[in-house]
Protein chains: 4
Amino acid sequence: MTYDRPKRIRFAHCDPAGIVFYPRYVELFNEVVEDWFADGLGVDFHTLHEDMRLGIPMVKLEVEYLAPSRYGDLLTFRLHVVEIGNASLQLEIGAFAGEQLRVRGRLKIVLADIDKLRPVPITEEFWRPKFAAYLKQPEQK
Amino acid sequence: MTYDRPKRIRFAHCDPAGIVFYPRYVELFNEVVEDWFADGLGVDFHTLHEDMRLGIPMVKLEVEYLAPSRYGDLLTFRLHVVEIGNASLQLEIGAFAGEQLRVRGRLKIVLADIDKLRPVPITEEFWRPKFAAYLKQPEQK
Amino acid sequence: MTYDRPKRIRFAHCDPAGIVFYPRYVELFNEVVEDWFADGLGVDFHTLHEDMRLGIPMVKLEVEYLAPSRYGDLLTFRLHVVEIGNASLQLEIGAFAGEQLRVRGRLKIVLADIDKLRPVPITEEFWRPKFAAYLKQPEQK
Amino acid sequence: MTYDRPKRIRFAHCDPAGIVFYPRYVELFNEVVEDWFADGLGVDFHTLHEDMRLGIPMVKLEVEYLAPSRYGDLLTFRLHVVEIGNASLQLEIGAFAGEQLRVRGRLKIVLADIDKLRPVPITEEFWRPKFAAYLKQPEQK
């Protein structure tokens with residue numbers, strides 16, 4: 001399963017060249033992860049942080065900028081899980097305009113206790129099956 | 001030679017966890033490259049874009065988040081050139097708090113004609129020696 | 001008629017105090033105006049700028065911050081037109097959480113020719129009736 | 001006395017029209033106030049929030065956009081205090097390019113206890129004389 005989220009490129013995302021200013025994509029990825037937690041996994045960030053006392057700090061980020069986008073463009077951000085580690089999670093997010101892949105991001109995050117500032121194991125009881133539902137299938141590669 | 005640029009982490013860079021919101025580092029890298037062009041290479045972005053009709057679109061970005069930073073922290077952003085291709089340039093930027101490396105970025109940019117939207121060779125006449133002055137030396141590795 | 005637009009407050013909008021960082025509301029107002037032009041008036045910003053060669057520079061902005069918002073809050077941004085001048089337009093945008101008004105903005109923009117950088121009269125042929133449809137009624141005051 | 005702070009307009013501040021995106025000025029005002037607290041008043045935001053448990057929420061903001069700025073422009077942000085209330089403070093910040101006033105902001109902030117979320121009186125013991133040193137003189141008007 002993938003999590004698909006359409007997002008309209010806004011005037012505010014674009015630079016004097018009229019195309020998306022590249023750091024804005026990293027903000028958009030953050031929005032997609034926030035949306036995925038709320039809508040896909042059923043745990044919004046407020047619940048995650050305030051009730052569960054968990055956070056998902058970014059460990060590593062890779063972004064490939066393949067084709068420019070302009071304001072008004074409607075992109076579909078498609079997220080899936082690439083790897084589930086002991087306490088870490090690797091995500092891939094592609095931003096598509098129709099069939100064209102404009103930008104691809106790979107994000108490695110860690111599930112962490114925000115009080116003890118320590119990684120938290122991704123156990124079978126709650127998180128692992130939730131994340132596994134979005135695991136990329138071999139045939140999709 | 002490296003290009004070193006101190007930057008104070010601001011309140012506006014930080015998220016509800018009190019630490020730098022990770023997309024802000026990408027904006028800070030953009031500032032460092034802008035500063036390097038103006039102060040290090042002697043070509044400010046206005047001259048680059050308007051007079052020389054050149055741009056430096058981002059092709060690939062990698063960021064490793066090694067330790068959190070808080071507002072008020074003074075970081076030194078240290079930039080050097082890792083590789084000079086035919087029309088592309090690979091940069092490395094480390095954000096240090098004293099000796100501690102907090103964040104490391106690798107940026108691959110391309111020198112491009114902004115009217116024809118085409119890569120422009122990095123020639124010996126102007127750009128190559130400028131970039132080469134900041135090339136990372138083997139012993140630094 | 002008012003233009004109503006729900007917007008979820010995001011993690012990225014909030015500061016270390018956990019509430020919306022006040023400049024983010026100005027960005028949100030910009031989004032609401034962009035959405036209003038596209039959805040309410042039927043002229044998206046791309047058409048406005050590229051085809052009609054018009055822009056709407058901000059002349060004056062007033063924002064009252066009445067109550068804090070946190071990420072996860074769902075606000076309704078309610079826009080209406082307060083005054084239509086010769087070439088200028090005064091808008092009011094209220095951000096509501098249910099019945100509670102959290103933030104109120106007043107924006108004075110000008111319709112301008114982006115090539116000649118000159119104000120353009122708001123004529124009966126096109127813009128005036130469009131804007132007038134969102135004019136605040138006396139009884140609403 | 002005024003607090004003067006030069007700031008270079010950056011590529012990241014500008015929109016597809018090539019001029020400063022108007023919400024960015026509000027972020028720049030926030031930076032100027034942060035700089036003023038640290039450099040002018042001798043209390044950086046970290047000390048203010050963490051040690052003194054005080055905050056300065058924005059109550060009202062007014063911005064007049066008088067002339068556009070482009071990236072590369074060097075603006076001087078000139079701050080002074082307009083009025084000191086019981087627990088509130090009114091500031092004026094002008095952004096000048098040489099003698100030309102490009103943007104003028106008026107900010108009303110409140111000194112507040114961030115634990116009790118209540119206004120804190122601006123007493124003679126500490127804050128009032130500090131703020132008063134930047135009070136606009138009648139002849140300056």
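How each quantity is defined
- Residues numbered from 1 in each chain as written.
- Chains lettered and ligands numbered in written order.
- Predicted model: local features only at pLDDT ≥ 70, side-chain atom pairs only at ≥ 80, totals over all residues.
- Heavy atoms only, no water.
- Helix = DSSP H or I, 4+ residues; strand = E, 2+ residues; numbered from the N terminus.
- Rg over C-alpha atoms; globule rule 2.2 N^0.38 Å.
- Buried < 20%, exposed > 50% of the residue type's maximum accessible area, 1.4 Å probe, protein only.
- Contact = heavy atoms within 4.5 Å.
- Areas by Shrake-Rupley, 256 points an atom, 1.4 Å probe, with all protein chains shown as cover.
- Core = buried A, V, L, I, M, F, W, Y, C linked by side-chain atoms within 4.5 Å.
- Least-squares fit on C-alpha atoms with pLDDT ≥ 70 in both.

A short note on the overall build of chain A
- When helices and strands are counted, chain A shows three helices and eight strands.
- In chain A, the order of α-helices and β-strands from amino to carboxyl end is β-α-α-β-β-β-β-β-β-β-α.
- For 141 residues, the compact-globule estimate of 2.2 N^0.38 gives 14 Å, and chain A sits close to it at 16 Å.
- The principal-axis extents of the C-alpha atoms in chain A amount to approximately 45 × 35 × 25 Å.
- By the burial criterion, 52% of the 141 residues in chain A qualify as buried.
- Long-range pairs, those at least 24 residues apart, make up 65% of the contacts in chain A between residues at least 6 apart in sequence.
- Accessible surface for chain A amounts to roughly 6,300 Å². Of this, 49% is attributable to carbon and sulfur atoms.

Description of the nonpolar core
- Residues Trp36(A), Trp36(B), Trp36(C) and Trp36(D) are the most contacted members of the largest nonpolar core, which totals 179 residues.
- If we skip the residues at most four places from it in the chain, Trp36(A) touches Tyr3(A), Leu41(A), Leu79(A), Val81(A), Leu89(A), Leu91(A), Phe131(A) and Tyr134(A).

Some details on the relation of the copies chain C and chain D
- For the match of chain C to chain D, the screw axis carries a shift of 0.0 Å, the RMSD comes to 0.0 Å, and the turn is 180°. What we have between these two chains is a two-fold relation. Of the C-alpha atoms belonging to chain C, the one lying closest to the rotation axis is found on Glu62(C), 2.2 Å away.
- Counting the interface residues of chain C, we find that 100% of their copies in chain D are interface residues as well, pointing to one common contact surface.

Remarks on the relation of the copies chain A and chain D
- Its rotation angle being 180°, the transformation that places chain A on chain D also includes 0.0 Å of axial translation and leaves an RMSD of 0.0 Å.
- Comparing interface residues between copies, 100% of those in chain A also lie at the interface in chain D; the contact surface is shared.

The values reported here are purely geometric and, on their own, carry no functional implication.
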